[in-house]
Amino acid sequence: MSWYEELDQKMADYLPDVPVLREEPLSRHTSFRIGGPARRMAFPKSGEQLVLLVSFARACGARPFVLGNGTNLLFGDGETDRLVISTRDLAQLRRGGSENEIIAGAGVPLARLAVFAQQAGLTGLEFAHGIPGSVGGAVCMNAGAYDGEMKGVVKSVTLLLPEEGVHTLSGADMAFGYRRSFLTDHPENEELEAALSLRPGNQAAIRARMEELMARRKKSQPLEWPSAGSTFKRPTGYFAGPLIEQAGLKGFSVGGAQVSEKHAGFVINRGGATCADVRALIGEVQRRVQERAGVLLEPEVKFVEK
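Computed from a predicted model, the values in this text were never measured in an experiment.

### Concerning helix H2 (residues 47-59)
So, point 1. The end-to-end C-alpha separation of H2 is 18 Å, in line with the 18 Å expected for 13 residues at 1.5 Å each.
So, point 2. All of the buried residues in H2 are Gln49, Leu50, Leu53, Val54, Phe56 and Ala57. The buried residues of H2 occupy an angular sector of 165° when the element is viewed end-on, so they sit on one face. Opposite the buried face of H2, by more than 90 degrees, sit the exposed residues Glu48 and Ala59.
So, point 3. Note on H2: the residue one or two positions beyond its end, Gly61, has a positive phi of about 85°.

Laid out in structure tokens, this is it:
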């Protein structure tokens with residue numbers, strides 16, 4: 001019996017209310033609009049269901065992959081022979097134990113979280129308003145922009161550790177760094193929710209700041225095209241976009257993938273781009289920038305193995 005047939009039986013017996021899709025195109029679930037079918041894709045509605053799904057998958061010999069908004073990922077063009085678990089419905093959002101605390105499920109979109117904080121008169125998340133990811137991905141990658149980052153607001157994170165069960169780590173224990181955290185160093189662990197510590201602020205001023213940052217994003221970033229956001233990490237002492245532009249690569253394309261003419265730090269899907277197109281384009285950008293400037297650009301986009 002295959003792992004997915006065994007998993008189908010376990011889910012029918014123990015999680016009959018969890019929606020499961022077979023051979024679901026991952027292009028429907030990523031901001032790049034790229035990706036072949038997932039063997040199975042499940043949509044838990046609670047942390048308890050996610051814990052059971054991960055446990056069942058591992059017992060069946062499957063490799064579970066937890067997917068948030070899919071905004072920093074590139075799946076392959078062929079079949080992904082894994083159980084992909086969407087956190088789409090893990091979107092609980094509530095006030096915490098203190099008046100300045102918010103508890104957010106892993107699937108909560110950052111834009112919704114920022115608006116929730118603004119309406120509560122809490123400041124500290126304005127930078128997150130235009131970031132298209134979810135809380136889970138943002139915490140994992142220590143997402144940041146415009147002088148703000150998740151490190152500055154995360155009080156604690158509740159995780160599923162494979163050998164230990166559910167544990168809560170403090171913000172300090174999350175070992176946040178530039179586009180990294182405890183979760184990037186230990187990807188076998190899964191995030192369930194995060195507690196965020198903010199500060200009292202003026203609702204109107206918070207809203208104005210959010211609108212200002214969104215306007216700046218729209219002016220400088222190719223938000224009208226599918227992409228995975230910034231394609232490369234910021235190299236020490238440089239910025240990726242200018243290095244790429246100086247290498248004459250603005251507008252350069254491979255198949256349907258293109259270096260954005262608006263911001264060279266973004267690779268976009270101009271229509272029909274494949275994973276192979278994007279990877280070939282990224283490789284060529286790395287080669288030419290290193291040849292010209294002596295700097296090896298490191299992708300910020302995560303490539304998901306089959």
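### A few points about the packing of helix H1 (residues 3-14) against H2
So, point 1. Taken N-terminus to C-terminus, the directions of H1 and H2 make an angle of 145°; their axes are 9 Å apart at the nearest point. Crossing angle aside, the handedness with which H1 passes H2 is right-handed. Contacts between H1 and H2 involve Glu6, Leu7, Lys10, Met11 and Tyr14 from the first element and Leu53, Phe56, Ala57 and Ala59 from the second.
So, point 2. Classifying every residue of the contact of H1 with H2 by side-chain character gives seven nonpolar, no polar and two charged.

### So, the sheet that holds strand S17 (residues 257-259)
So, point 1. Here four strands make up an open sheet; going across it, the order is S15-S18-S17-S16 and the pairing antiparallel. Where the open sheet ends on each side, the last strands, each with one partner, are strand S15 (227-230) and strand S16 (253-254).
So, point 2. Sheet analysis places S15 next to strand S18 (residues 266-269), joined by two bridges and oriented antiparallel. Across the sheet, Ser230 pairs through a bridge with Phe266, a residue of S18.
So, point 3. With respect to the sheet, helix H8 (residues 275-293) is in contact with S16, S17 and S18, its orientation differing from that of S17 by roughly 30°.

Parameters at a glance
- Positions within a chain are numbered from 1, following the residues in the order the chain's sequence is written.
- Only residues with pLDDT of 70 or above have their local features reported here, since the model is predicted, and side-chain atom pairs are shown and tallied only from 80 upward, although totals for entire chains, interfaces and linings are computed over all residues.
- Hydrogens and water molecules were not included; the side-chain quantities draw on all heavy atoms of the structure.
- We count a stretch as a helix when DSSP gives it H or I for four or more residues in a row; a strand needs E for two or more, and each element gets its number in order from the N terminus.
- To estimate the expected span of a helix, count its residues, drop one, and scale the result by 1.5 Å.
- Three exposure classes are used, based on accessible area relative to the maximum for each residue type with a 1.4 Å probe and protein chains only: buried under 20%, partly exposed in between, and exposed over 50%.
- The directions from the helix axis to the C-beta atoms form the arc being described.
- An axis is simply a line fitted to the C-alpha atoms; with a helix, the fit covers only the stretch in contact. Between two such axes, the angle follows the N-to-C directions and lies from 0 to 180 degrees.
- Helix crossings fall into two classes, left-handed where the near helix is turned counterclockwise from the far one by less than a right angle and right-handed where it is turned clockwise.
- Residue contacts follow a heavy-atom distance rule, with two residues in contact if any of their heavy atoms lie within 4.5 Å.
- Note that Gly is not counted as nonpolar here; it falls among the polar residues with everything else outside the nonpolar set of Ala, Val, Leu, Ile, Met, Phe, Trp, Tyr, Cys and Pro and the charged set of Asp, Glu, Lys and Arg.
- For two strands to count as paired, DSSP must find a minimum of two bridges between them.

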